[in-house]
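So the chains spell out like this:
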Amino acid sequence: MTRSRNTVDQENVSATLTVAAPAARVFAVLADPTTHAAIDGTGWVQEPVDRAPLTEVGQVFRMDMYHDNHPDGDYQVANQVQVLDPPRAIGWLTGQEKGDGRLEFGGWLWRYDLAPLGPSETEVTLTYDWSAVPGSIREYIQFPPFGPEHLANSLRHLAELAATSPAPAPHR
């Protein structure tokens, strides 16, 4: 980890960090839902419900969450992969599953963009984009629901995991 920066726009916030690991290894950590609680910079992400690696656009993976300000404290989110371009980009929309099994997304997207800087360094940009959140949700949730330091914390956690995780298996 050598360089970092944060930016906040009207509809998104991002952070960038240089990670001392190859892009394929960083991507493998991000594509593994079992690592997401360790990456999270807020402590809200608890445990993966769906543990399968993220392998295709449209794939849904659920996470158990906790937040003091959530009406139930403990809750579950359903994430749907929107971007999957190994080892360059991965991103998902976050929402919830309704009682009838239908998925409903709030309009916010988590996206990681990876740029190799050599065989053992990757510049990673994490962006939280809420530009598609409808007014009805903005009435009761303030965006972003966390400070920009959350993204920087997440990237530092990702860097630590990527530095200690094994090299990913080659694609077949």
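You'll find the structure just up there.
Residues numbered from 1 in each chain as written. Predicted model: local features only at pLDDT ≥ 70, side-chain atom pairs only at ≥ 80, totals over all residues. Heavy atoms only, no water.

Let's talk about the side chain of asparagine 12
With respect to the helices, strands and loops of the structure, asparagine 12 is situated in strand 2 (residues 12-19). The class for asparagine 12 is buried, based on a relative accessible area of 19%. Once residues within four sequence positions are removed from consideration, asparagine 12 is found in contact with Thr127, Tyr128, Asp129 and Trp130. (Helix = DSSP H or I, 4+ residues; strand = E, 2+ residues; numbered from the N terminus. Buried < 20%, exposed > 50% of the residue type's maximum accessible area, 1.4 Å probe, protein only. Contact = heavy atoms within 4.5 Å.)

Observations concerning the environment of glycine 147
Tracing the sequence through the fold places glycine 147 in the loop between helix 3 (135-138) and helix 4 (149-164). Residue glycine 147 is classed as partly exposed on the basis of its relative accessible area, which comes to 22%. The spacing of glycine 147 and valine 13 is 134 residues in sequence and 9.1 Å in space, taken between C-alpha atoms.

Points about helix 1 (residues 23-30)
Residues separated by three or four positions in an α-helix point in the same direction, a consequence of the helix having 3.6 residues per turn. Those residues of helix 1 lying buried are Ala23, Val26, Phe27, Val29 and Leu30. The arc that holds every buried residue of helix 1, seen down its axis, measures 160°, which confines them to one face. (Arc of directions from axis to C-beta.)

Points about the pairing of strand 6 (residues 89-97)
Buried residues dominate strand 6, accounting for seven of its nine residues. By the bridge criterion, seven bridges tie strand 5 (residues 74-85) to strand 6 in an arrangement that is antiparallel. Residue pairing for strand 6: glutamine 80 is matched across the bridge by leucine 93. The turn joining strand 5 and strand 6, which pair antiparallel and follow one another in sequence, is formed by three residues. From the end of strand 6 to the start of strand 7 (residues 103-118), which pair antiparallel, there are five residues, and glycine 101 there has a positive phi angle of about 90°. (Pairing = 2+ DSSP bridges.)

Points about the pattern of salt bridges
Here the structure, examined in full by the defined rule, presents eight salt bridges. The closest approach of N and O atoms between aspartate 100 and arginine 102, which form a salt bridge, is 3.5 Å. Aspartate 100 sits in the exposed class, given a relative accessible area of 58%. Given a relative accessible area of 43%, arginine 102 falls into the partly exposed group. Here the salt bridges share partners, and the residues they tie into one network are Lys98, Asp100, Arg102 and Glu104. (Salt bridge = Lys/Arg side-chain N within 4 Å of Asp/Glu carboxyl O.)

Looking at the packing of aromatic side chains
The way to describe two aromatic rings as a pair is by their centre distance and the angle between their planes. Tallying each qualifying case throughout the model produces nine aromatic pairs. Both rings, one in tryptophan 108 and one in phenylalanine 143, keep their centres 5.5 Å apart while their planes meet at 45°; by these two values the pair is tilted. Taken together, the residues tryptophan 108 in strand 7 and phenylalanine 143 in the loop between helix 3 and helix 4 connect sequence positions 35 residues apart. Residue tryptophan 108 shares its accessibility class with phenylalanine 143, and that shared class is buried. Centre to centre, the rings of tyrosine 128 and phenylalanine 146 are 4.9 Å apart; their planes meet at 65°, and the pair counts as edge-to-face. Residue tyrosine 128 is found in strand 8 (residues 121-129), and its partner phenylalanine 146 is found in the loop between helix 3 and helix 4; the two are separated by 18 residues along the sequence. Taken together, the ring pairs connect Trp44, Trp108, Trp110, Tyr128, Trp130, Phe143 and Phe146 into an aromatic cluster. (Phe/Tyr/Trp six-rings, centres within 6.5 Å; stacked < 30°, edge-to-face > 60°.)

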